[in-house]
Amino acid sequence: MAKITYLEANGREHVVDVCAGLTVMEGARNHGVPGILADCGGNCACGTCRVYIDEPWLAKAGEASEVEAATIEAQEDAGPGKRLSCQIKVADELDGLVVRMPETQC
Amino acid sequence: MQALAELDLPYLPVETEEFAADPVRYFNAAKVQHPWIAESDIGFFIHEYTAIRELLLQDDKMRPAYDGIIEQMGARGTPWGRFTEEQLISLPAEKHRFLRDTFAAKFTPRFANQLRPMMRQTISELLDEWTPSGRMDFEEMASYFPISNMFTLVGAPREEIPAIRSSLETLGLAFSMDKNRLPEIHEAYERLEDLVQRLIANRRANPEAGNPDDLLALLINTGDEGNVDPRQLADLIIFFFIAGYDTSKNVLTYAMFKMLDRPDIYERCGADHEYCRKVVEESLRYFNPGSVPRFAAEDIVFRDVLLPKDTMLWFTLNISGHDPGTFEDPERFDPDRPIAPEKRQIAFSLGKHMCLGQYIARAQLQEALHLIPQRIRNPRLAGEYGWRPYPGAWGLKGLPIEFTPA
């Protein structure tokens, strides 16, 4: 179980407990956190579950696969630490993770 | 909780020509009687945008219904029937996931962007060929765009484009649920299967003769690495052709049709490549050819209505963008319309079967919408047009135009 903070672009914060083994996207969806669409249901195909992760957490979240990197690079919002939340598996070491959501998932 | 049989559901004559010519009118009338579900002779139709979104994302409760289509068409045991029942989208979850993940690298936005120069060259060559007379069937010209791109991607011999185009035209009508079409469907499928088997055999026998970085090479190599069955490899390439033909062609044709009445949008497309991206998204909201068939894999309770296990459900992606409950003034074609993330067009479906080729389709449409207005000036409707059967692959049949060549 890990406590994850989802930060909307407007600053609104959602702190939820997510079971290990789920993805960060599933944690948001299961708790009704707005701002993550996940149109493809977590198959790394749509790019609508984007989040930003700050430097200290990046290594713990694991590296983006080639497919993930090639999917998110085309999205208009840019910046370091961009990941697809459906590709980040929750584990105990992610307890305390903060993910920031973009203004829009369009 | 209500049973489906207890609901007084509207009936939709989906197989009729009148329906195919204006399904939105029928669905809007149906909404008065029931807001999100209607019945027909081929199953139930889910037509409200939010209902489609909420249900399609419950992948685990449904399964693709292509076996139901084959059953209704009486095509079980035929090569086309086998393919349709075993194609990528119909495979069990684990196998589907494995194959999809295996080939996903060649369907990312990055890969689609790398294909743009090839797409621009293809559409430019088609315009060179088709524009001098100042008249054309736009749909016919548009049909050669995705198929030419697909032939390039798998290194297929270009002289076979007309025959395979004919096959894909026929196979695109397969889900019109008209049994009279079966003989031509079978013939069309055999022709496509023959091409795909030759492509694979030739590339295996002589890999140096092909482009080592093309899609065929990737499919063969990653297929071999993942121990993909030869039958499934061939099916994937057949699926690639079928899935990539009517979809892009029908959307491009309909976008042109809409812009015949909107020269302002058309001319701006020719001048502004980035604006074309917005026109693509609005075109996909306004029109797309897709209806997604599913069976309920278990009893599903949705909005207090029981959808029993094995109920056949059609998800009407094609008219979902006209839902007045979601889209303000839905009949207005407006590429500058603000897009709320939860109200995005859903032409590429949702969930684990979301279209693998969506980025290639978007790139093709954007490139075509930018180059066509530069070569086809002041297009006007120049004759009758018709409609392809509903549920699909739905779209315009023929779009005769006249114009000033440039």
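A short tour of the structure in this document, coming up. (Residues numbered from 1 in each chain as written. Chains lettered and ligands numbered in written order. Predicted model: local features only at pLDDT ≥ 70, side-chain atom pairs only at ≥ 80, totals over all residues. Heavy atoms only, no water.)

## Remarks on the overall build of chain A
Of regular secondary structure, chain A possesses three helices and five strands. Ordered by position from the N terminus, the helices and strands of chain A form the series β-β-α-β-α-α-β-β. On C-alpha atoms alone, chain A measures out to a radius of gyration of 12 Å, which is about the 13 Å that the 2.2 N^0.38 rule sets for 106 residues. Along the three orthogonal principal directions, the C-alpha set of chain A runs to about 30 × 25 × 25 Å. Accessible surface computed for chain A: about 4800 Å², of which carbon and sulfur atoms make up 49%. For chain A, the distance from the average position of its 9 positive side-chain charges to the average position of its 17 negative side-chain charges is 3 Å. (Helix = DSSP H or I, 4+ residues; strand = E, 2+ residues; numbered from the N terminus. Rg over C-alpha atoms; globule rule 2.2 N^0.38 Å. Areas by Shrake-Rupley, 256 points an atom, 1.4 Å probe, with all protein chains shown as cover. Lys, Arg positive; Asp, Glu negative; His and termini not counted. Charge placed at Lys NZ, Arg CZ, Asp CG, Glu CD.)

## Examining the interface of chain B and chain A
Contact with chain B, which involves 22 residues of that partner, is made by 23 residues of chain A. The contact between chain B and chain A buries some 1700 Å² in all, and 53% of this surface belongs to carbon and sulfur atoms. Three residues, R110, P341 and R344 of chain B, lead the burial of chain B against chain A; their summed loss comes to 30% of the area buried on that side. One can count three salt bridges joining chain B with chain A. Between E73 of chain A and R110 of chain B there is a salt bridge; the shortest N-O distance is 2.8 Å. Joining chain B to chain A, the criterion identifies 10 residue pairs in polar contact (both at pLDDT 80 or more). When residues of the side of chain B that touches chain A are traced back to their parent elements, those giving at least two are α6 (93-103), α7 (109-114), α15 (273-286) and α17 (358-375) of chain B. By residue class, the composition of the side of chain B that touches chain A is 10 nonpolar, three polar and nine charged. (Contact = heavy atoms within 4.5 Å. Buried area = accessible area lost by both parts, 1.4 Å probe. Salt bridge = Lys/Arg side-chain N within 4 Å of Asp/Glu carboxyl O. Polar contact = N/O pair within 3.5 Å; in protein donor to acceptor, adjacent residues only side chain to side chain. Nonpolar A, V, L, I, M, F, W, Y, C, P; charged D, E, K, R; others polar.)

## What about the packing of helix α9 (residues 138-154) of chain B against α17 of chain B?
All names here are of chain B. It is the contact of α9 with α17, at a shortest axis distance of 12 Å, that shows an interaxial angle of 135°. By the angle between their axes, α9 is oblique relative to α17. Regarding α9 and α17, the two cross each other, and that crossing is right-handed. Counting all contacts with α9, which are made through F138, M141, F145, P146 and N149, the residues of α17 involved are Q364, A368 and I372. (Axes fitted to C-alpha atoms, helices over the stretch in contact; angles between N-to-C directions. Parallel < 35°, antiparallel > 145°, perpendicular 65-115°, else oblique. Left-handed = near helix turned anticlockwise from the far one by under 90°.)

## So, the sheet that holds strand β13 (residues 400-405) of chain B
Residues and elements named next belong to chain B. Ordered in space as β5-β13-β10, the three strands form an open sheet in which the pairing is antiparallel. Each edge of the open sheet is held by one strand with a lone partner, namely β5 (135-137) and β10 (376-381). Within the sheet, the average angular offset between the axes of one strand and its neighbour, ignoring direction, is 30°. Bridging between β5 and β13 involves three bridges; their strand directions are antiparallel. Across the sheet, the residue bridging to R135 is E402, located in β13. (Pairing = 2+ DSSP bridges.)

## Side note on the nonpolar core
Ranked by internal contacts, the top residues of the largest apolar core, which has 120 residues, are F138, F241, I372 and I376 of chain B. Counting residues in hydrophobic clusters, the runner-up holds 28 residues, among them I4, V51, C86 and M101 of chain A. (Core = buried A, V, L, I, M, F, W, Y, C linked by side-chain atoms within 4.5 Å. Buried < 20%, exposed > 50% of the residue type's maximum accessible area, 1.4 Å probe, protein only.)

## Points about unusual backbone geometry
All names here are of chain B. For the bond running from Y390 to P391, omega is 10°, close enough to zero to count as cis. Take P391: it is sitting in the loop between β11 (386-387) and β12 (396-397). Positive phi is not limited to glycine here, since N227 has a value of about 55°. As for its placement among the helices and strands, N227 is situated in the loop between α12 (215-225) and α13 (230-259).

## Observations concerning the environment of F241 of chain B
Residues and elements named next belong to chain B. Here F241 shows up in helix α13. Considering only alpha carbons, one finds F241 and I164, 77 residues apart in sequence, at a separation of 9.2 Å. In contact with F241, other than residues within four places in its own chain, are M150, F151, V154, L168, L192, L195 and V196.

## Quick look at the pairing of strand β1 (residues 2-7) of chain A
If a strand is regular, its side chains alternate between the two faces of the sheet. Residue and element names in this part refer to chain A. Where β1 and strand β2 (residues 13-18) come together, six bridges link them in antiparallel fashion. Of the residues in β2, the one forming a bridge with A2 is V18. Examined bridge by bridge, β1 and strand β5 (residues 98-100) share three bridges and lie parallel to one another. The residue bridging Y6 from the neighbouring strand is V99, located in β5.

## A few points about the side chain of T222 of chain B
Within the fold, T222 of chain B resides in helix α12. In this structure T222 of chain B touches T102 and F103 of chain B, once residues within four positions along its chain are discounted.

## Looking at the packing of helix α5 (residues 79-86) of chain B against helix α11 (residues 182-205) of chain B
Residue and element names in this part refer to chain B. Look at α5 against α11: their axes get within 8 Å of each other, and the N-to-C directions meet at 70°. Between α5 and α11, the interaxial angle falls into the category roughly perpendicular. Along the contact surface, α5 presents P79, W80, R82 and F83, while α11 presents L182, I185, H186, Y189, E190 and E193. Of the residues assigned to the contact of α5 with α11, the class counts are six nonpolar, one polar and three charged.

## Re the pattern of salt bridges
Residues and elements named next belong to chain B. For the coordinates displayed, the defined rule picks out 46 salt bridges over all chains. Among the salt bridges present, the one from R76 reaches E71, with a minimum N-O distance of 2.3 Å. K278 is paired through a salt bridge with D336; the nearest N and O atoms lie 3.0 Å apart. In this pair, K278 sits in helix α15 while D336 sits in the loop between α16 (317-320) and α17, placing the two residues 58 residues apart along the sequence.

## A short note on the side chain of E282 of chain B
Residue and element names in this part refer to chain B. Structurally, E282 can be placed in helix α15. Polar contacts involving the side chain of E282 include one to the main-chain amide nitrogen of D334, which spans 2.7 Å. Beyond its immediate stretch of four places on either side in the chain, E282 contacts R332, F333, D334, P335 and R337.

## Brief notes about the sheet that holds strand β6 (residues 292-296) of chain B
Residues and elements named next belong to chain B. With respect to topology, five strands assemble into an open sheet ordered β2-β3-β9-β6-β4, the strand pairing being mixed. Of all strands in the sheet, those bounded by a partner on one side alone are β2 (37-40) and β4 (62-64). Looking at each pair of strands side by side, their axes are set apart by 35° on average, direction ignored. Pairing analysis gives three bridges linking strand β3 (residues 43-46) to strand β9 (residues 312-315), with the strands arranged parallel. Within the sheet, the bridge partner assigned to F44 lies in β9 and is L313. Running at roughly 100° to β6, helix α4 (residues 66-73) makes contact with β4, β6 and β9 of the sheet.

By themselves, these observations are geometric and do not establish any function.
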